[in-house]
Amino acid sequence: MTAPGARNSACSSARPALRQTVLTLLCEEWSPEQIVGHLRRYHSNDPAMEISHETIYRSVYTTRWKVIPREVCKRLRTGRPIRKNKRHTVKGQWRSQITDARPIEERPQAAEDRSEPGHLEGDLVIGSNNSQVATLVGRKTRFLTVVKLASRHTNVVVPALAETYTRMDSRLRGTLTWDRGMELAAHKRLSTDTGVDVFFAAPRSPWQRGTNENTNKLLRQYLPKGTNLSTFSQGDLDAIAANLNNRPRKCLGFHTPAESVALTG
């Protein structure tokens, strides 16, 4: 369900059972990802009950669809509505001006449904004193790699990521989904150097990279906001990633990300 029309109708009156299930679980304060996971577990053979977490978010926030009551947005964890106005528009902003950016809708189905390892989500984690690191997280395994960066300029970020990929387990070298930050403006160079296809989330749509967003929150235990990240060596960052990769995760059935990579064989 990648076409706009399909997204629009996913929770519509044409599929009342799906709409009612989603609405009920939202009112019980389930997250869209939890709802999707529940539906895939208990309705995997019913196409009428298929939906993505992105579609649920859009159904809540796109009021003109009149699919989900507006007040349900308060049940989401942020409790914030997304409003389209001049202050929030991305038109003309530098973050949306990436040449030949392939949209997330073109990403392979295996990346969307987490059916195979190797499909990563990435972003920058920002610290004080103009410092930053990059994070790469597997959608299926939740395996984290943290990359030291001297700056956020694309001519620094892309070579650093390319070098990281050369050291990465071959089972983790699939696609990469990034946000619209200009640090990946040279994405074609990254694809040429690594063979990895790069896709970009829609502007101001962090839920499209939910795995990365959630992992970055865990990383903040070791790299709190306001920390000068330039003081950490790559060895320091590798050790922090190892701590998180060897911590059991509920979403993995309490396996660790490292175990999840090993189980891929």
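Residues numbered from 1 in each chain as written. Predicted model: local features only at pLDDT ≥ 70, side-chain atom pairs only at ≥ 80, totals over all residues. Heavy atoms only, no water.

### Some points on the pairing of strand S1 (residues 120-126)
For S1, a buried count of six out of seven residues is recorded, marking the element as mostly surrounded by other parts of the structure. Examined bridge by bridge, S1 and strand S2 (residues 132-138) share seven bridges and lie antiparallel to one another. The residue bridging Val-125 from the neighbouring strand is Val-133, located in S2. Two successive antiparallel strands, S1 and S2, enclose a turn made up of five residues, where Asn-129 displays a positive phi of approximately 55°. Strand direction decides the pairing type here: S1 and strand S4 (residues 176-178), joined by two bridges, are parallel. Paired with Glu-121 across the strands is Thr-177, a residue of S4. (Buried < 20%, exposed > 50% of the residue type's maximum accessible area, 1.4 Å probe, protein only. Helix = DSSP H or I, 4+ residues; strand = E, 2+ residues; numbered from the N terminus. Pairing = 2+ DSSP bridges.)

### Regarding the pattern of salt bridges
According to the stated counting rule, one finds ten salt bridges in the structure shown. With a shortest N-O distance of 3.1 Å, Glu-112 and Arg-107 are connected by a salt bridge. Since its relative accessible area comes to 23%, Glu-112 is described here as partly exposed. By relative accessible area, Arg-107 is classed as buried at 8%. The salt bridge partner of Arg-167 is Glu-163, with a shortest N-O separation of 3.1 Å. On the criterion of helical spacing, the pair formed by Arg-167 and Glu-163 is a turn pair, its members being four residues apart in helix H6 (residues 154-167). A relative accessible area of 48% means that Arg-167 is categorised as partly exposed. (Salt bridge = Lys/Arg side-chain N within 4 Å of Asp/Glu carboxyl O.)

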